[in-house]
Amino acid sequence: MQGTPDHHDEGPAERKMRFLFALRSRGVTDARVLTAMERIDRGLFVRGIFADRAYEDMPLPISCGQTISQPSVVGLMTQALNVQPRDVVLEIGTGSGYQAAILSLLARRVYTIDRHRRLVREAVELFRDLNLPNITAVARDGSFGWPEQAPFDRIIVTAAAEDPPGPLLAQLKLGGIMVLPVGQSDTVQSLIKVTRTERGFDYEELRPVRFVPLVEGLASD
């Protein structure tokens, strides 16, 4: 039988198995990352008419003209970050809060920034409902990072810049890792991993991706 299978009849266990299988088949193999993604229900972060597609491996629209990234990209970015239990992580682009929630199960502390106040408010409510007290979320200009809490063991950016922003590089600890999309346009972007060494910064290209652009300043909402 051809066509897309109907997933509406499956129960939570089958849905979770299919979700994790899709992650593994796209290269998310780190056991800690898979466990965190199994525990954080993506369905809670997708509202409205797209809610029934929350478990598919696709990006979906959220408030303020933003998107929630597809699960496999969230998994691959988290895996590339190699978060350790004592790490302090900075996330630029809170969005739905899904990525920060997953990071909160892997790190000691997560600081997350978004330029949209509404997104931060909605994410904070979800973090409270999920009892994730190690996340601090604020509305501010993410392109400048969070100097008061720097330096960070890990930095993740969920919006694309032409180059890794200087303030963020400066806030990365020695030995720290930053994962972010870079590209001149919204059609040609690469996910890169930056590691800070005593000699400077090492750059590794991971895969092509598509993200919304990193915009300076606070939004009006």
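Residues numbered from 1 in each chain as written. Predicted model: local features only at pLDDT ≥ 70, side-chain atom pairs only at ≥ 80, totals over all residues. Heavy atoms only, no water.

Sorry if this is basic, but what is going on with the overall build of the protein here?
Within the protein, the regular secondary structure consists of six helices and nine strands. Relative to the compact-globule value of 17 Å for 221 residues, the protein shows a C-alpha radius of gyration of 17 Å, a close match. Along the longest, intermediate and shortest principal axes, the C-alpha atoms of the protein span 55 × 35 × 35 Å. Expressed as a percentage of its 221 residues, the buried residues of the protein come to 49%. Looking at the protein alone, contacts between residues at least 24 apart form 53% of all its contacts between residues at least 6 apart. A total of about 11000 Å² of accessible surface is found on the protein, and carbon and sulfur atoms cover 51% of it. Positive and negative charge centroids in the protein, built from 26 and 28 side chains respectively, lie 4 Å apart. (Helix = DSSP H or I, 4+ residues; strand = E, 2+ residues; numbered from the N terminus. Rg over C-alpha atoms; globule rule 2.2 N^0.38 Å. Buried < 20%, exposed > 50% of the residue type's maximum accessible area, 1.4 Å probe, protein only. Contact = heavy atoms within 4.5 Å. Areas by Shrake-Rupley, 256 points an atom, 1.4 Å probe, with all protein chains shown as cover. Lys, Arg positive; Asp, Glu negative; His and termini not counted. Charge placed at Lys NZ, Arg CZ, Asp CG, Glu CD.)

Help me understand the pairing of strand β5 (residues 135-139) in this model?
For a regular strand, the rule is simple: side chains alternate between the two faces of the sheet. Where strand β4 (residues 109-114) meets β5, five bridges bridge the pair, whose relative direction is parallel. Residue pairing across strands places Val 110 opposite Ile 135, the latter belonging to β5. (Pairing = 2+ DSSP bridges.)

Can you help me understand the pairing of strand β7 (residues 172-182) in this one?
Burial runs high along β7: eight of the 11 residues are buried. The sheet contact formed by strand β6 (residues 152-157) and β7 spans four bridges and is parallel. Within β7, the position partnered with Arg 154 by the bridge is Ile 177.

In this structure, what is going on with the packing of aromatic side chains? I would like to understand it.
We describe a pair of aromatic rings using the distance from one ring centre to the other and the angle between the two ring planes. Counted under the stated rule, the structure contains four aromatic pairs. Judged by centre distance (6.4 Å) and plane angle (85 degrees), the rings of Phe 19 and Tyr 55 are edge-to-face. With a gap of 36 residues between them, Phe 19 in helix α1 (residues 12-25) and Tyr 55 in the loop between α2 (31-39) and β1 (60-61) connect regions that are remote in the sequence. Residue Tyr 55 is classed as buried on the basis of its relative accessible area, which comes to 17%. Grouped by ring-pair contacts, the aromatic residues Tyr 111, Trp 146 and Phe 152 constitute a single cluster. Sitting above the plane of the Tyr 111 ring, Arg 109 keeps its charged end 5.5 Å from the centroid. (Phe/Tyr/Trp six-rings, centres within 6.5 Å; stacked < 30°, edge-to-face > 60°. Lys NZ or Arg CZ within 6 Å of the ring centre and 35° of its normal.)

Sorry, what's going on with the nonpolar core here?
A general trend in soluble globular proteins is that nonpolar side chains are found buried together. In terms of nonpolar packing, the biggest core is built from 48 residues, with Leu 81, Tyr 98, Ile 102 and Phe 127 touching the most fellow members. Elements with a minimum of two residues in this core: α1, α2, α3 (71-81), α4 (98-104), α5 (117-129), β5 and β7. Considering each element in turn, this core owes the most residues, six residues, to α3. Residues contacting Ile 102, with those up to four places away along its chain left out, are Ala 36, Met 37, Ile 40, Val 74 and Thr 78. (Core = buried A, V, L, I, M, F, W, Y, C linked by side-chain atoms within 4.5 Å.)

Just to check I follow, could you spell out the confidence of the model for the protein for this structure?
Detailed reading of predicted coordinates is not advised where the pLDDT is low. Looking at the protein as a whole, its pLDDT mean stands at 90, while 93% of the residues score no less than 70. For the stretch residues 1-5, pLDDT sits under 50, and the model shows zero contacts to residues farther than four places along the chain or on other chains. (pLDDT = per-residue confidence, 0-100.)

Even after reading the chapter, I still don't get the sheet that holds β6, so can you show me in this structure?
Two orientations exist for strands paired in a sheet by backbone hydrogen bonds: parallel and antiparallel. Ordered in space as β5-β4-β3-β6-β7-β8-β9, the seven strands form an open sheet in which the pairing is mixed. Across the chains shown, the open sheet's two edge strands, defined by having one partner strand only, are β5 and β9 (200-209). The sheet shows a mean angle of 15 degrees between the axes of neighbouring strands, direction not considered. Bridge count for β7 against strand β8 (residues 189-197) is six bridges, and the pairing is antiparallel. Bridge assignment links Val 182 to a residue of β8, and that residue is Ser 190. Packing against the sheet, α3 makes contact with β3 (88-92), β6, β7, β8 and β9, and its axis sits at approximately 160 degrees to β7. Of the strands in this sheet, β4 and β5 are in contact with α5, which crosses β5 at around 160 degrees. (Axes fitted to C-alpha atoms, helices over the stretch in contact; angles between N-to-C directions.)

Which parts of the structure should I look at to understand the packing of α1 against α2?
For any two helices packed against each other, the geometry comes down to the angle between their axes and how far apart the axes lie. Between α1 and α2, the least distance of the axes is 11 Å, while the angle of their chain directions is 145 degrees. Of the two possible hands of crossing, α1 and α2 adopt the one that is right-handed. Taken together, the residues of α2 that come into contact with α1 (itself represented by Lys 16, Phe 19, Leu 20, Leu 23 and Arg 24) are Leu 34, Met 37 and Glu 38. Looking at the contact of α1 with α2, its residues break down into five nonpolar, no polar and three charged. (Left-handed = near helix turned anticlockwise from the far one by under 90°. Nonpolar A, V, L, I, M, F, W, Y, C, P; charged D, E, K, R; others polar.)

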